[in-house]
Amino acid sequence: MKDFFVTNSWIISFLPLWSALLIMFFKGLNIYENKEITSLLTLGASFLGFFWSLGLLGCCLQIANFNYEIMVPFLNVGLLSLSFGFLIDNLSVLMLLIVTSVSFAVQLYSRTYMANDKEFHRFFVYLNLFNFSMLSLVMSPNLLQMYVFWELVGVCSYLLIGFWFKRPSAAKAATKAFLINRIGDFAFLASICALGAFSFWFWKFSNVPFLDFSALNGAALSVLGTTTPLVFFLISLGFVLAACTKSAQIPLHVWLVDAMEGPTPVSALIHAATMVAAGVFLIARVYPFLNYSPVAMSIIAWIGVLTAFIMAVIAIFQNDIKKMLAFSTSSQLGFMMVALGVGGYSAALFHLTTHAYFKALLFLCAGAVIHSVNLQDMRYMGELRKSIPFVAGCYLIGVCAISGILLSGFWSKEAIFYILADTSNFGLLALALLSSLLTVIYMLRSYFMIFEGKYNGTLKTFHIPPWGIKFPILLLVMPSVFLGWLVNEPFKTFIKTPLALPKLGNYEILFALSLIIIVIGVLLAFVLYYNGIKEKIKISFIRKFRKFAQQGLYFNKFYEFLIEKLFLKITRYAYLFDKYLVDGVVNFWGLCVQVKSKFLLFWQNGNILSYSTVGVAGLCLLMVVFLLGFSVYMLEVWL
Amino acid sequence: MSLALLAFAPLIFSAFIASPLMPNNPVIIRRSAKFFGVLIFAYSILFLYFFKPEYSGYQFLQSFQLPFLSAFESGCAFGLDGVSLVLVLLTNFIFLLALIASKGAVNKKHKLYYSMFFILQTAVLGVFSAKDLLLFFVFWELELIPMYILISVFGSGKKEYSAMKFLLYTFFGSLFILGAIIALVYFYSIGSGVVTFDIEQLASVKSFEYPLWAEILMFFGFFVGFAVKLPVFPLHTWLPDAHVDAPTPVSMLLAGVLLKMGAYGLIKFNLSFFPDWFDLCSSLIIILGVVNVLYAAFIAFAQTDLKKLVAYSSISHMGLVLIGLGALTIVSMSGAVFQLVAHGLVSAALFMLVGIIYKRTKTREIADLGGISQKMPVASSFALLFVLTTLGVPLLSGFVAELLVFLGAMSSDLGVFIKVFLIVGLFGMILTAGYFLVAYKKVFWGNLLPKYLHINDLTAHELLVLMCLAVSVIFFGVFPNTLLGIFEGTLDGILKLI
């Protein structure tokens, strides 16, 4: 039975693919009018996948360091052989559980949320394709397969952000997301090519499948042996850049906020819980490789902590509920990055796990709120606790979880603070603690703005969420509440940090510090935001800063400037160069020949008179020449 | 299995279509042309079946002695190796699809169109299957005539100008090839005492050396000739004009098949005849390739005409072939040949889509289009698939080529500078995504312009063509081994010459 689960685990990722194909090919048929079949197929695939992953979890818990790999060849040329396959170990099982369970909840939610959309089937096709790509990504046994599905999840995200492509803003956001992610793909592919090329013989001699994760350690040594440390650093930097784009880290985070143009379930599943975590997952997978480049590791840590801090600051000033949550996602992913950067492998993945659930919960609640008031701007909400108390309660649980008020986020953040203190990175620790304080403030601010205070909108009646919306939210509430307590200790042994073994000291002061921060945060949020936003603070500096922060620190403006004023101008000049110089030379040559031919044509005009004129003129010329020559000759003779 | 029959079958069909036997009825002409196209394609599939991929030399040999050429060893010699077999199959596939796509694209002089079409097919098949230099050159030149007529009679816009430019430019390149062929045969006969035009013999390992200056001239003679066809910067300017003004099926052929003749020549002649020179110039070729990739991508950004954008992207993608060939490893060269097929399929599809849009909206200006996905959902899904293929999204054919080219080039023993340059070349994948997706967004997404409220989705013919291309693009992306296995042995044999 155990073997059966493990050897057939590919089915977890293929079930969604099959349902996608089934829906795609049968949705045109008349018998397929019923939307229930679509949602049943999709939900069935996710549920079976979750069930299967639980079986795998059982195997992993029984056997320490469980590791199972199966490969099928993808292409063979010369000495190069690339293969696809799947890898079952603790990390991939963890990711499988997260992806399948969040997917299930979100798909259940979408069934109601998207019920009135004309493109219901297309939406579920995309969702299934995404699940296929994401599940294959987390089961990748080698870097190449990871890249393949890395890009495919990007494509699915592109399709889902642009799902309502009639809206120009959605079309623009989808394109932007894909293009920025393309930068990361470029860095990823370049790093893979370089890594594969410089350690080519290592893979051949060690008899490990090309680019397999299990031998990255040896590959790193082999790369270090064949090239300079600078090249090694650049390869590591490629992976870091790739992770930063997918996980929306500074300075390439700008796509994530725009990605909120997609339907809310998509934001919950892809742009909060699963796909954006792929960057963190990548760093975790290539961790044995990156470990040899301390500079790259500290770059990860600093990018992470800066993202966590700056995004939290920006989130405080956001008024759009989904955008606020997007900035918050970026910030939380920053926490994971900083943990990875200092070697807190286990802590980072723990935060990834808890974050997946509470952020999905927050997004689903946000979707329910948007559904009931029909807008996204929090300034026009308020007092909604009275009309949709269920959503208010769940949202509050999400807020507590993310800001670490004793629910799941508390434990995972605590693990991150521990590792920061343990490696004596006190600068990072201070910034991380500050970001945590800001998290409490912006999350409570959003809760107060939406559910407390006075209602500022114009609607008389609100759309009360049906059970189809409530139930999936309830599913996500449970892990958000209990996950931290239940798996806090077992997690540390389940996901072990490879290579390094940091000794965990006793930092009870950190525990106290976190509690103090929470209390300060809650108090501040109460004072500032309980009765709507206090606009009383009229210091001009703050006002200016608010505008600055609302615009996301003008990252977008800067990139737009670069592209429109610089890049597109260059391309226009390049085109002019091509048209008038490169092609100009060709056409000029043609023109020269044409002019010559025109000149000759002038004489070859078929007119007997002009021919005879030319003849006579030539004769005269010859005679003149002859006479001149003759007279010169005669003169010489004579003299 | 007669290769000569395969090469000359289209010529026979063309004569049949032109002859009075064929009634002057467009429907009958079109249907019989399609029937002939299917016949030729089916016949070439048989060659694939009997081909032995483990054998690196020519197969299916067939030769005729021509009485008037008895002075030296030349004649009608045909043969196929792995690379040419792949290209022959691609040729027949794309020609068949272009025949199907011709419905609606051509509305006059059907007899002329279809007979020229088949003459062109003979020329291209001849180029890929000739084993004799003289025969090769005859076919190489023969290709110009039908193409000139197809563009100048059936094209649009400045069609006479474009056709003439195409003709003169290619002819200019051909002169270099002819000079190089004569010089090669001459110097080979001086060295070995045998006057021969046989490609296999000329490419075999020699016991003597050509004079240095002659070798340089011959190498660059061939190179310039093929560089015009490929095309390589700065000899590319005929391409956008010719592609844009040609009718849709002919653009499909130009991008899908004819460009590949240049790459084929580089492999068959430059590399096989002068392996040492190719090795020496590998850095130069890679740099030219990277310049091609980036330069054309930059220009594509500034294009307002959809067809021109696709044309420039073609140039950009051919740069990848140059990089793959220049790196001279089995992996990168397989990538280059794979790219020939992948690009052949996808560029045909993209030109077809541009034609489909043009037929319905009467415009190719990107700025004049918008939101047509709402009226053409099927077409827009296909367009997205093919755009993603050109971007090199995995599990589609473009990715395999890109991966093999760059992985192979990085693992070659070139200098660090060239490797840095390669990474710069890889930057093209961002640029390609940029211009294609921005154009896709503008054309298909967003608000539907009111003037396009009446347009329809794909017709059955168009659907068939796009479906065939889509299936092959996905198939080769998921199972690249099926294609790689055919020509790997041949490339291995060529690389052994170095």
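Residues numbered from 1 in each chain as written. Chains lettered and ligands numbered in written order. Predicted model: local features only at pLDDT ≥ 70, side-chain atom pairs only at ≥ 80, totals over all residues.

1. Regarding the overall build of chain B
When helices and strands are tallied, chain B shows 21 helices and two strands. For a compact globule of 498 residues, the expected C-alpha radius of gyration is about 23 Å, and chain B comes in at 22 Å, within 12% of that figure. Taking the principal axes of the C-alpha coordinates as reference, chain B spans close to 75 × 60 × 40 Å. The buried share of chain B, reckoned over its 498 residues, is 60%. Of the contacts made within chain B by residues no fewer than 6 positions apart, 81% connect residues no fewer than 24 positions apart. (Helix = DSSP H or I, 4+ residues; strand = E, 2+ residues; numbered from the N terminus. Rg over C-alpha atoms; globule rule 2.2 N^0.38 Å. Buried ≥ 20, exposed ≤ 12 C-beta atoms within 10 Å, placed from the backbone. Contact = placed C-beta atoms within 7 Å.)

2. Description of the overall build of chain A
A tally of helices and strands in chain A yields 26 helices and two strands. In terms of overall dimensions, chain A is more spread out than a globule: its C-alpha atoms have a radius of gyration of 33 Å, far above the 26 Å expected for 639 residues. Dimensions of chain A, computed from C-alpha atoms along their principal axes, come out at roughly 130 × 70 × 60 Å. Within chain A, buried positions represent 52% of all 639 residues. By sequence separation, contacts in chain A at least 24 residues apart represent 82% of the contacts at least 6 residues apart.

3. Considerations on the packing of helix H4 (residues 90–113) of chain A against helix H5 (residues 120–138) of chain A
All names here are of chain A. Their axes nearest at 9 Å, the elements H4 and H5 cross at an angle of 170°. The orientation of H4 relative to H5 falls into the category roughly antiparallel. In this structure, H4 uses Ser 92, Met 95, Leu 96, Val 99, Ser 103, Gln 107 and Ser 110 to contact H5, whose residues at the interface are Phe 123, Leu 127, Asn 131, Met 134, Leu 135 and Val 138. Its residues assigned to classes, the contact of H4 with H5 comprises eight nonpolar, five polar and no charged. (Axes fitted to C-alpha atoms, helices over the stretch in contact; angles between N-to-C directions. Parallel < 35°, antiparallel > 145°, perpendicular 65-115°, else oblique. Nonpolar A, V, L, I, M, F, W, Y, C, P; charged D, E, K, R; others polar.)

4. Here we look at the interface of chain B and chain A
Taken together, the contact between chain B and chain A spans 39 residues of the former and 38 residues of the latter. If you list the elements that add at least two residues to the side of chain B that touches chain A, you get helix H13 (282–301), helix H15 (330–361), helix H17 (397–410), helix H18 (416–426), helix H19 (428–444) and helix H21 (480–495) of chain B. For the side of chain B that touches chain A, the element with the most residues is H19 of chain B, which contributes seven residues. Of the residues belonging to the side of chain B that touches chain A, the class tally is 27 nonpolar, ten polar and two charged.

5. Details of the confidence of the model for chain B
Across chain B, pLDDT averages 89, with 98% of residues at or above 70. In the predicted assembly, ipTM is 0.92 and pTM is 0.92. (pLDDT = per-residue confidence, 0-100.)

6. A few points about the confidence of the model for chain A
Atomic detail in the predicted coordinates should be set aside for any region of low pLDDT. Residues with a pLDDT of 70 or more make up 95% of chain A, whose mean pLDDT is 86. Within chain A, helix H6 (residues 143–161) of chain A carries the highest mean pLDDT (93), whereas helix H24 (residues 540–550) of chain A carries the lowest (72).

7. Quick word on helix H2 (residues 10–26) of chain A
All names here are of chain A. Under the 1.5 Å per step criterion, the end-to-end length of H2 is 24 Å for 17 residues, consistent within 8% with the ideal 24 Å. All buried positions along H2 are accounted for by Ile 12, Ser 13, Leu 15, Pro 16, Ser 19, Ala 20 and Ile 23. In a view along the axis of H2, the buried residues occupy a sector of 150°, so they form one face of it. Packed against the buried residues of H2 are helix H3 (35–62), H4 and H5. (Expected span 1.5 Å × (residues − 1). Arc of directions from axis to C-beta.)

8. Some words on the pairing of strand E2 (residues 80–89) of chain A
All names here are of chain A. Note: strand E1 (residues 67–77) against E2, ten bridges, orientation antiparallel. Each bridged residue has a counterpart across the sheet, and for Asn 76 the counterpart in E2 is Ser 81. Once E1 ends, the chain turns through two residues before running back antiparallel as E2, passing Gly 78 with a positive phi of about 55°. (Pairing = 2+ DSSP bridges.)

9. Quick word on the nonpolar core
With 425 residues, the main nonpolar core has Val 280, Ala 360, Leu 361, Cys 365 and Ala 432 of chain A together with Val 86 and Leu 353 of chain B as its most contacted residues. Residues from two domains meet in this core; each of domain 1 (1–275) and domain 2 (281–498) of chain B gives at least three. (Core = buried A, V, L, I, M, F, W, Y, C linked by C-beta atoms within 7 Å. Domains from an automatic or database assignment.)

10. Quick notes on the domain arrangement of chain B
How large an interface is tends to be reported as the accessible area lost when its parts come together. Residues and elements named next belong to chain B. Examined at the domain level, chain B breaks down into domain 1 (1–275) and domain 2 (281–498). A separation of 23 Å is found between the C-alpha centroids of domain 1 and domain 2. Taken residue by residue, the interface counts 44 residues in domain 1 and 41 residues in domain 2. Of all the secondary-structure elements, those providing two or more residues to the side of domain 1 that touches domain 2 are helix H3 (82–101), helix H10 (238–245) and helix H11 (248–273). Here the side of domain 1 that touches domain 2 takes 13 residues from H11, the largest share from any one element.

11. Observations concerning the environment of Met 337 of chain A
All names here are of chain A. Here Met 337 is to be found in helix H16 (residues 321–341). The sequence separation of Met 337 and Ala 243 amounts to 94 residues, and the corresponding C-alpha distance is 9.2 Å. Discounting residues that sit within four places of it in the chain, Met 337 has contacts with Ser 247, Gln 249, Val 280, Ile 300, Ile 303, Gly 304 and Thr 307.

12. Section: unusual backbone geometry
In this structure, the amide linkage connecting Ile 250 of chain A to the following residue, Pro 251 of chain A, adopts the cis form with an omega of 0°. Mapping Pro 251 of chain A onto the fold places it in the loop between helix H10 (229–246) and helix H11 (254–258). Residue Pro 231 of chain B is bonded to the preceding Leu 230 of chain B through a cis peptide linkage, with omega at -5°. Checked against the element boundaries, Pro 231 of chain B lands in the loop between helix H9 (212–229) and H10. The phi dihedral of Leu 211 of chain A falls on the positive side, at around 65°, and the residue is not glycine. With respect to the helices, strands and loops of the structure, Leu 211 of chain A is situated in the loop between helix H8 (200–206) and helix H9 (216–226). Take Leu 211 of chain A: there are 23 C-beta atoms within 10 Å of it, and that puts it in the buried class. Backbone geometry places Leu 328 of chain B, a non-glycine residue, at a positive phi of 60°.

13. Considering H15 of chain B
Residue and element names in this part refer to chain B. Counted at 1.5 Å a residue, the expected span for H15 with its 32 residues is 46 Å, and the 46 Å between its end C-alpha atoms agrees. Buried residues dominate H15, accounting for 27 of its 32 residues. Looking one or two residues past H15, Lys 362 carries a phi angle of roughly 60°, positive in sign.

14. Things to note about the environment of Val 153 of chain B
All names here are of chain B. Here Val 153 is to be found in helix H6 (residues 144–154). Distance from Val 153 to Leu 449, taken between C-alpha atoms, is 33 Å for residues 296 residues apart in sequence. If sequence neighbours within four positions are ignored, Val 153 has contacts with Lys 109 and Leu 112.

15. Describing the packing of H11 of chain B against helix H14 (residues 306–327) of chain B
All names here are of chain B. Between H11 and H14, the least distance of the axes is 11 Å, while the angle of their chain directions is 20°. One element, H11, and the other, H14, form an angle in the roughly parallel class. Considering only the axes of H11 and H14, their crossing is right-handed. On H14, the residues touching Ala 255, Leu 259, Ala 263, Leu 266, Ile 267 and Leu 271 of H11 are Ser 314, Met 318, Val 321 and Leu 325. Residue classes in the contact of H11 with H14 are distributed as nine nonpolar, one polar and no charged. (Left-handed = near helix turned anticlockwise from the far one by under 90°.)

16. With respect to the environment of Ser 174 of chain B
All names here are of chain B. Here Ser 174 lies in helix H7 (residues 159–192). Expressed as a C-alpha distance, the spacing of Ser 174 and Asn 292, which sit 118 residues apart in the sequence, is 21 Å. Filtering out sequence-adjacent residues up to four positions away, Ser 174 remains in contact with Trp 140, Glu 141 and Gly 225.

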